[in-house]
Amino acid sequence: MPIIVRVPTQLRQLTAGVGEITLEAQTVGEALTALDVQYPGFGERLFDDAGALRRFVNVFLADEDVRFLEGLATPTPENSVISIVPAVAGGSI
Amino acid sequence: MSSVLGLRCRECDRQFPAEALHVCDFCFGPLEVSYDYDAIAAVTSRASIEAGPRTMWRYHSLLPVGNETPVSLGAGFTPLVRAERLGAELGLKDLWLKDDTANPTGSFKDRVVSVALTKARQLGFKVAACASTGNLANSVAAHAARAGMASVVLIPSNLEKAKVMMTTVYGGQVIAVDGNYDDVNRLCAELTSERPSWAFVNVNVRSYYAEGSKTLAFEIAEQLGWQVPDHVVVPIASGSQLTKIAKGFSELATVGLVDGDGSLRISGAQAQGCSPVATAFNKNIDAIAPVKPDTIAKSLAIGNPADGYYALAAIKNSGGGCGSVTDGEIIDAIKLLARTEGIFAETAGGVTVATLAQLAQRGVIDLNEKTVAIISGHGLKTVEALTGHVDPNHTIPATLDAFDAAVGFDDPLFN
Ligand SMILES: Cc1ncc(COP(=O)(O)O)c(C=O)c1O
Ligand SMILES: [Zn+2]
């Protein structure tokens, strides 16, 4: 099913500057894997050696952090929007 | 001479030079200062530290600034006091308080800011900036004045009056932002890319800033006679202080200043109205769900804690606990601490003491453990929280009769 992935500025050198990618995927994990197939290099930036989402990479389905849904297994209905958002740089004090 | 090797990504281990960098450009993980501990051990001994200044800078060789002259108002080496009366109330036989209300601007933030501005000056910055829940603002404004640097401080517009005045008085720029701390912080992160010539204490020099909290661990060990306590209770906002206290104790063992830190347990304290770390701890999950803060403990009101994960890991790895307490319990704890030990703490101290009580009651803290609670900020900063809770007992005309009527001879004071 077609869905949209939003790519943050910090990762757009991998997409030649494109900020929104349309893909076919049933789950968040499939979408991110498809992204890596289309734009090689995404995988190592998003996943650690064990294949888990890196801790300071947040992935939102609509407005919800997928860590609090079903993680990479979260289903992505048609026209879902996935956003990749690095944790607020430097964070808070 | 510097024992700093550089910065290292906490997540993927990539190495970076010791510059104004804070995020790994590969995986977005936070950067951490790494040291050559053999070099530190070679120049550091108990005697060399004991001969140093009576400030946090007696641990200069364990801080990331080389030989740079510190930007200092005299932070650190605050009292570590045995708390027998508070301990008796809580059933703890060996309780100690690290009284960081005694710092120059009244909170532990003077430790981290002293390191941050020293490093900022070393890196050539002329402007110090930050986002703050209040105490950091006070400290950045004061230390910038001391260093002759300009300052730009961003705070939530609903901060306690004293915290606003204790910032504005130093004459820097103070910008009150409509929104909560997490909103202010997001703006500050955006500003960091727009104003690359400013040192943002909590952003681009954060890796150095955070190291200042290690001095709490160093001092506690030294003040206990070069001994690591059994249990330390630390308030959590971003989680940086707790994480660095853990690092501080472990460094002392690494460079041979203490015999080991293996049995130290670390527990965290949060307000129920902002307890993302305590919630994750209690649910036994690793991911920390951001919350919208609603608590009188404004200094701890960070709903999306940057170091929350690391604080949680430090607690779990050490076998400690994490509690959260209500606004009512915070106020009662502020009064209990003042009444039993003569220390007036701000709301964050109330959170720590109330959580200490809770953890003791739940048996998380063993009654015989040598336990140290961090009292991180002064009560004058948050007097609003006590409004209506600590009024005079009587208001009388200036006559003996009126006094006798108010405080009669049958009053327990006379028996
Ligand atoms: C008085 C006081 N105690 C504790 C903290 C918590 O520090 P951290 O953000 O390092 O967890 C703060 C942070 O603002 C504070 O102002
Ligand atoms: Zn990294």
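As a starting point, this report considers the structure included with it. This one's a predicted model, so the numbers in the text were calculated from it and none came from an experiment. (Residues numbered from 1 in each chain as written. Chains lettered and ligands numbered in written order. Predicted model: local features only at pLDDT ≥ 70, side-chain atom pairs only at ≥ 80, totals over all residues. Heavy atoms only, no water.)

This brings us to the overall build of chain A. Looking only at helices and strands, one finds two helices and five strands in chain A. Along chain A, helices and strands appear, N-terminal first, in the series β-β-α-α-β-β-β. Its C-alpha atoms give chain A a radius of gyration of 12 Å, within 12% of the compact-globule value 12 Å for 93 residues. In terms of its C-alpha atoms, chain A occupies a principal-axis envelope of roughly 40 × 30 × 25 Å. Summed over its atoms, the accessible surface of chain A is roughly 4400 Å², and 54% of this surface lies on carbon and sulfur atoms. (Helix = DSSP H or I, 4+ residues; strand = E, 2+ residues; numbered from the N terminus. Rg over C-alpha atoms; globule rule 2.2 N^0.38 Å. Areas by Shrake-Rupley, 256 points an atom, 1.4 Å probe, with all protein chains shown as cover.)

Residues and elements named next belong to chain A. In this sheet, strand E5 (residues 81-86) lies alongside strand E1 (residues 2-6) in parallel orientation, the contact comprising three bridges. Residue pairing across strands places Ile 4 opposite Val 81, the latter belonging to E5. Pairing geometry for strand E3 (residues 57-61) and E5, over five bridges, is antiparallel. Paired with Val 57 across the strands is Pro 86, a residue of E5. (Pairing = 2+ DSSP bridges.)

Counting residues at the interface gives 17 residues for chain A and 32 residues for chain B. Contact between chain A and chain B buries roughly 2000 Å² in total, counting both sides, with carbon and sulfur atoms accounting for 64%. At the boundary of chain A with chain B, the tally comes to one salt bridge. As a salt-bridge pair, Glu11(B) and Arg55(A) come within 3.4 Å of each other at their nearest N and O atoms. In this assembly, chain A and chain B are joined by four residue pairs in polar contact (both at pLDDT 80 or more). Of the residues assigned to the side of chain A that touches chain B, the class counts are eight nonpolar, four polar and five charged. (Contact = heavy atoms within 4.5 Å. Buried area = accessible area lost by both parts, 1.4 Å probe. Salt bridge = Lys/Arg side-chain N within 4 Å of Asp/Glu carboxyl O. Polar contact = N/O pair within 3.5 Å; in protein donor to acceptor, adjacent residues only side chain to side chain. Nonpolar A, V, L, I, M, F, W, Y, C, P; charged D, E, K, R; others polar.)

This part covers empty space enclosed by the protein. If you roll a probe as big as a water molecule over the atoms, it shows you where there is empty space left. Residue and element names in this part refer to chain B. Inspection of every chain in the model, using the stated rule, returns one cavity of 30 Å³ or more. Of the volumes computed, that of the largest cavity is approximately 180 Å³. If you go around the largest cavity, you meet 21 residues; those closest to its centre are Phe 108, Lys 109, Ala 237, Gln 241 and Leu 300. At the level of secondary structure, the elements contributing two or more residues to the lining of the largest cavity comprise helix H4 (109-122) and helix H10 (240-254). Tallied by class, the residues present in the lining of the largest cavity amount to eight nonpolar, eleven polar and two charged. (1 Å grid on protein atoms, 1.4 Å probe; cavity = no way out; pocket = protein on both sides within 12 Å on 5 of 7 lines; lining within 4 Å. Points joined across faces, edges and corners; volume = space filled by probe spheres on them.)

Turning our eyes to something else, we now look at the coordination of the zinc ion (ligand 2). All names here are of chain B. Of the protein atoms, only Cys 9 (SG), Cys 12 (SG), Cys 24 (SG) and Cys 27 (SG) coordinate the zinc ion (ligand 2), at distances of 2.3 to 2.4 Å. Its four donor atoms give the zinc ion (ligand 2) angles of 100 to 114° at the centre, a pattern that matches the tetrahedral case. In this structure Cys 24 comes out as buried when scored by relative accessible area, which is 0%. (Donors = N, O, S within 2.8 Å, 3.2 Å for Na, K, Ca; no water. Tetrahedral: all angles 85-135°; square planar, octahedral: opposite > 155°, others 65-115°. Buried < 20%, exposed > 50% of the residue type's maximum accessible area, 1.4 Å probe, protein only.)

Attention shifts here to the site of ligand 1. Around ligand 1, the surrounding shell holds 17 residues, and the nearest of these are Asn135(B), Ser238(B), Gly239(B), Gln241(B) and Ser376(B). Looking at the residues close to ligand 1, they fall on chains A and B. The separation between an oxygen atom of ligand 1 and a polar side-chain atom of Lys109(B) is 3.2 Å. Here an oxygen atom of ligand 1 sits 2.8 Å away from a polar atom, N or O, in the main chain of Gly239(B). In this structure the site holding ligand 1 corresponds to the largest cavity. By residue class, the composition of the shell around ligand 1 is seven nonpolar, eight polar and two charged. (Near = heavy atom within 4 Å. Sits in = over half its atoms within 2 Å of the grid points.)

Next up on the list: the layout of surface pockets. Residue and element names in this part refer to chain B. Size it by volume and the second largest pocket reaches roughly 260 Å³. Surrounding the second largest pocket, 14 residues form its lining, Arg 10, Thr 243, Ala 246, Lys 247 and Ala 314 being those nearest its centre. Elements with a minimum of two residues in the lining of the second largest pocket: H10 and helix H12 (308-318). Residues of the lining of the second largest pocket, tallied by class, amount to six nonpolar, four polar and four charged.

Further remarks concern the packing of aromatic side chains. Scanning all chains against the criterion turns up five aromatic pairs over all chains. Among the aromatic side chains, those forming a connected cluster through ring pairs are Phe56(A), Tyr309(B) and Tyr310(B). Taking NZ or CZ as reference, Arg58(B) lies 4.0 Å from the ring centre of Phe77(B), over its face. Residue placement shows Arg195(B) over the ring face of Trp198(B); its charged tip is 5.3 Å from the ring centre. (Phe/Tyr/Trp six-rings, centres within 6.5 Å; stacked < 30°, edge-to-face > 60°. Lys NZ or Arg CZ within 6 Å of the ring centre and 35° of its normal.)

Another aspect to go through is the environment of Ile4(A). Along the chain, the position of Ile4(A) falls in strand E1. Judged by its relative accessible area of 26%, Ile4(A) is partly exposed.

This part is about a nonpolar patch on the surface. Residue and element names in this part refer to chain B. There is a patch of nonpolar side chains on the surface, built from Ile 396, Leu 400 and Phe 403 and spanning about 300 Å² of accessible area. Tracing the sequence through the fold places Leu 400 in helix H15 (residues 400-406). The exposure class assigned to Leu 400 is exposed, which follows from its relative accessible area of 66%. (Patch = residues over 30% accessible without salt bridge, like charges linked within 9 Å, V, L, I, M, F, W, Y side chains within 5 Å.)

Here we take up the packing of H10(B) against H12(B). To characterise two packed helices, one gives the angle between the axes of the helices and the distance between these axes. Residue and element names in this part refer to chain B. Packing of H10 against H12 leaves a shortest axis separation of 8 Å and a crossing angle of 45°. When the axis of H10 is compared with that of H12, the two are oblique. In this structure, the crossing between H10 and H12 has a hand that is left-handed. Contacts between H10 and H12 involve Leu 242, Thr 243 and Ala 246 from the former and Tyr 310, Ala 311, Ala 314 and Ile 315 from the latter. When its residues are assigned to classes, the contact of H10 with H12 shows six nonpolar, one polar and no charged. (Axes fitted to C-alpha atoms, helices over the stretch in contact; angles between N-to-C directions. Parallel < 35°, antiparallel > 145°, perpendicular 65-115°, else oblique. Left-handed = near helix turned anticlockwise from the far one by under 90°.)

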